[in-house]
Amino acid sequence: MLEKNYAKDTQTKYLLILLTLFFMLLCAYYFTTIGLQDAGPGQTLRAIASWASGSLNEGTDAAVNKIILLLRLPRILLAIFAGIGLAAAGAVMQSVTRNYLVSPFTLGISSAAAFGASVCIVFGSGLFFTSDIGIISCAFVSSCLCGLIVYGISRRIGVKPSSVVLAGIALNYFFSALTATIEFFAKEHKLEAVVQWTFGSLNRASWDSVFLTGCITAACFAALMLYCLQLNAMAASDDETVKSLGIDPERLRTIIGLLAVFLTAAIISFTGVIGFVGLIAPHMARLIIGGSHQFYLPFAATLGALLLLLSDTIGKFILYPVNIPVGIVISFLGVPLFIHLILSKRQRPE
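Below or above, wherever it landed, is the structure these notes cover. (Residues numbered from 1 in each chain as written. Predicted model: local features only at pLDDT ≥ 70, side-chain atom pairs only at ≥ 80, totals over all residues. Heavy atoms only, no water.)

## Considering the nonpolar core
Thought 1: Core analysis: the largest hydrophobic core is formed by 89 residues, its most contacted members being Leu107, Val150, Trp197, Ile256 and Leu309.
Thought 2: Residue contributions to this core peak at 13 residues, all from helix H3 (residues 62-97).
Thought 3: Residues contacting leucine 107, with those up to four places away along its chain left out, are Met93, Cys146, Val150, Tyr151, Val164, Gly168 and Val261.
Thought 4: Core analysis: the second largest hydrophobic core is formed by eight residues, Leu36, Leu56, Val64 and Leu69 among them. (Core = buried A, V, L, I, M, F, W, Y, C linked by side-chain atoms within 4.5 Å. Buried < 20%, exposed > 50% of the residue type's maximum accessible area, 1.4 Å probe, protein only. Helix = DSSP H or I, 4+ residues; strand = E, 2+ residues; numbered from the N terminus. Contact = heavy atoms within 4.5 Å.)

Shown next, in the form of structure tokens:
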């Protein structure tokens, strides 16, 4: 049985999704100029217009326009795409495993990405492996390899929720041990770089990273939305019941899991480890709007984008000029909201 929720009818659910999306976009627009003394209310639009007309380097507000277009907008858009992708991946993983404590990071994706990045940072040599693209590539390949190993092991014993989770937990500890071993022998300056990467940050945002993560997120999210009805059945029934509906649960679990792994690996390769949003946003969405995936999935994605956007902005300004990594802030921000929703859910009559 799908969970009870605050939003009961279809129109209310659509309205809630649209309002959350509008609020997220409003925050994104405001955050492009927050803290800039010479930026007026429409400065972002003027900056975009100056870029479109080829006059970005001209005028008295050229410096402000460059800050908005080259620093603020890429960071904000990367936060939005990363929030959407991580939340959507977490939502579908919880559905196919029927376990609300599961996220893509339970499968060892984050620890594998940290291992790949640390290998590149500590042992890398040459132009490619000492560059950002080399670290991104190593983290991505390592994450995808971990996902393939998890599902390869699971297929040997049947792609059941328990087998996927247990294989993921085993690899999570394995890659964490490998990363810790590398950190133990790393020189001080390289150890600092590894630790900074594992915190999760949007400091490396650029238009190239925004374009790649945006394309991958859009493609994977569209693919996940095609499986909404099957995901409803998977989340609400056991495997035998799902089979009676003409759905192959093992095949669906493999497809959804690999999509979630690919999406997560692509995002954290650019951002570092940002794990909590993939757990908190699906929980919040399920408690507020219910478990029907045609509403639950887009709402979880919107909440994930909003949470990551707010967390990054708070991390930039709360102890200015110190920039707190977004991976730390999202935990401090998300935990109280999560506990409040749990308590509210428990206090409501069933």
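## Let's talk about the environment of isoleucine 314
Thought 1: Examined against the element boundaries, isoleucine 314 turns out to sit in helix H14 (residues 293-317).
Thought 2: A relative accessible area of 34% means that isoleucine 314 is categorised as partly exposed.
Thought 3: Sequence separation of isoleucine 314 and isoleucine 324 is ten residues, and the distance between their C-alpha atoms is 8.3 Å.
Thought 4: Setting aside chain neighbours within four positions, we find isoleucine 314 in contact with Val329 and Leu333.

## A word on the pattern of salt bridges
Thought 1: Per the counting criterion, the structure on display carries two salt bridges.
Thought 2: When the shortest N-O distance is used, the salt bridge between arginine 75 and aspartate 312 registers 2.8 Å. One end of the pair, arginine 75, is in helix H3; the other, aspartate 312, is in helix H14, with 237 residues separating them in the sequence.
Thought 3: Taking relative accessible area as the criterion, arginine 75 reaches 10% and is therefore assigned buried. (Salt bridge = Lys/Arg side-chain N within 4 Å of Asp/Glu carboxyl O.)

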